[in-house]
Amino acid sequence: GAVVSQHPSRVICKSGTSVKIECRSLDFQATTMFWYRQFPKQSLMLMATSNEGSKATYEQGVEKDKFLINHASLTLSTLTVTSAHPEDSSFYICSASWGTPIFQETQYFGPGTRLLVL
Amino acid sequence: GIQVEQSPPDLILQEGANSTLRCNFSDSVNNLQWFHQNPWGQLINLFYIPSGTKQNGRLSATTVATERYSLLYISSSQTTDSGVYFCAVAPDLSGAGSYQLTFGKGTKLSVIP
């Protein structure tokens with residue numbers, strides 16, 4: 001149980017285009033989904049937290065107009081990188097969890113999406 | 001924010017050896033998880049362990065919350081154990097959301113035959 005999928009697994013795009021990444025919880029309803037970014041040989045950095053039906057909360061330094069997050073249902077969240085540039089190239093990972101707004105336990109992670117912007 | 005330090009940063013083991021990975025954190029936590037990131041980038045949940053001891057096969061973990069550290073033990077290591085091990089914590093913020101994980105920098109484990 002507790003499987004999270006991401007699509008696509010990798011994407012190459014031209015500078016200036018927008019890219020949408022989907023994150024789905026396959027066998028549970030995720031009250032909260034998280035989006036992380038990981039640079040090569042570095043740790044994961046939380047970008048934003050989204051609760052179903054409400055606006056995402058972005059971490060300091062993350063441009064909300066650049067990284068659009070939509071959490072339309074309890075099983076789907078999307079991250080859109082708008083007007084992508086080479087510096088947006090990275091490994092994007094989502095995770096999902098369930099619980100109350102105050103406390104949630106285990107986060108389950110998707111397999112990640114490698115984005116390369118040329 | 002909360003600080004998470006993992007040690008050692010790199011570890012090379014001969015197959016069959018045992019190892020201990022450490023995670024120190026700067027504040028009280030109510031969520032602590034250990035993950036293994038495989039060479040393809042997938043994060044695999046190992047333990048949810050904000051306190052106490054758990055075991056799963058060759059892996060076990062202990063968190064001493066009062067002293068703000070957690071240990072991950074790997075016994076009889078195998079080449080498939082290679083990868084990066086991350087510790088992630090969420091601070092114990094009474095009455096507020098306490099689910100946002102802060103990751104350590106990880107321990108890169110290489111198990112050689």
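This text follows the structure it describes.
My aim in this report is to walk through the structure given alongside it, one point at a time. (Residues numbered from 1 in each chain as written. Chains lettered and ligands numbered in written order. Predicted model: local features only at pLDDT ≥ 70, side-chain atom pairs only at ≥ 80, totals over all residues. Heavy atoms only, no water.)

All names here are of chain B. Tracing the chain through its elements places Pro9 in the loop between strand E1 (4-7) and strand E2 (10-14). Through-space distance from the C-alpha of Pro9 to that of Tyr85 is 9.7 Å; in sequence the pair is 76 residues apart. Apart from residues lying up to four places away in sequence, Pro9 is in contact with Gly106, Thr107 and Lys108. (Helix = DSSP H or I, 4+ residues; strand = E, 2+ residues; numbered from the N terminus. Contact = heavy atoms within 4.5 Å.)

On to the nonpolar core, then. Residues and elements named next belong to chain A. Grouped together as the largest cluster of nonpolar side chains are 24 residues, with contacts concentrated most on Trp35, Phe67, Ile69, Leu79, Tyr92 and Leu115. Contributing elements (two or more residues each) for this core: strand E2 (10-13), strand E3 (19-25), strand E4 (32-38), strand E5 (44-51), strand E7 (67-73), strand E8 (76-81), strand E9 (90-97) and strand E11 (113-117). In contact with Ile69, not counting residues within four places along its chain, are Trp35, Ala48, Ser50, Ala56, Tyr58, Ser77, Thr78 and Leu79. (Core = buried A, V, L, I, M, F, W, Y, C linked by side-chain atoms within 4.5 Å. Buried < 20%, exposed > 50% of the residue type's maximum accessible area, 1.4 Å probe, protein only.)

On to the side chain of Arg37(A). Residue and element names in this part refer to chain A. Its location among the elements puts Arg37 in strand E4. One buried charged residue, Arg37, forms no salt bridge at all, with the nearest opposite charge on Asp88 at 4.5 Å. A distance of 2.7 Å separates a polar side-chain atom of Arg37 from the backbone oxygen of Glu87. A polar contact of 3.4 Å, which involves the side chain of Arg37, links it to the side chain of Ser90. Setting aside chain neighbours within four positions, we find Arg37 in contact with Ser43, Leu44, Met45, Met47, Phe67, Glu87, Asp88, Ser89, Ser90, Phe91 and Tyr92. (Lys, Arg positive; Asp, Glu negative; His and termini not counted. Salt bridge = Lys/Arg side-chain N within 4 Å of Asp/Glu carboxyl O. Polar contact = N/O pair within 3.5 Å; in protein donor to acceptor, adjacent residues only side chain to side chain.)

A few words on the side chain of Ser43(A). Within the element layout of this structure, Ser43(A) appears in the loop between E4 and E5. Looking at Ser43(A), the relative accessible area reads 13%, which means it is buried. There is a polar contact of 2.5 Å between the side chain of Ser43(A) and the backbone oxygen of Gly104(B). Each residue touching Ser43(A), except ones within four places of it in the same chain, is listed here: Arg37(A), Gln38(A), Phe86(B), Phe103(B), Gly104(B) and Lys105(B).

Scanning all chains against the criterion turns up eight aromatic pairs over all chains. Note on Tyr36(A) and Phe103(B): the rings are 5.5 Å apart at their centroids and 80 degrees apart in plane angle, and the pair reads as edge-to-face. Taken together, the residues Tyr36(A) in strand E4 and Phe103(B) in strand E10 (residues 102-103) connect one chain to another. The pair Tyr36(A) / Phe103(B) is uniform in exposure class, with both members buried. (Phe/Tyr/Trp six-rings, centres within 6.5 Å; stacked < 30°, edge-to-face > 60°.)

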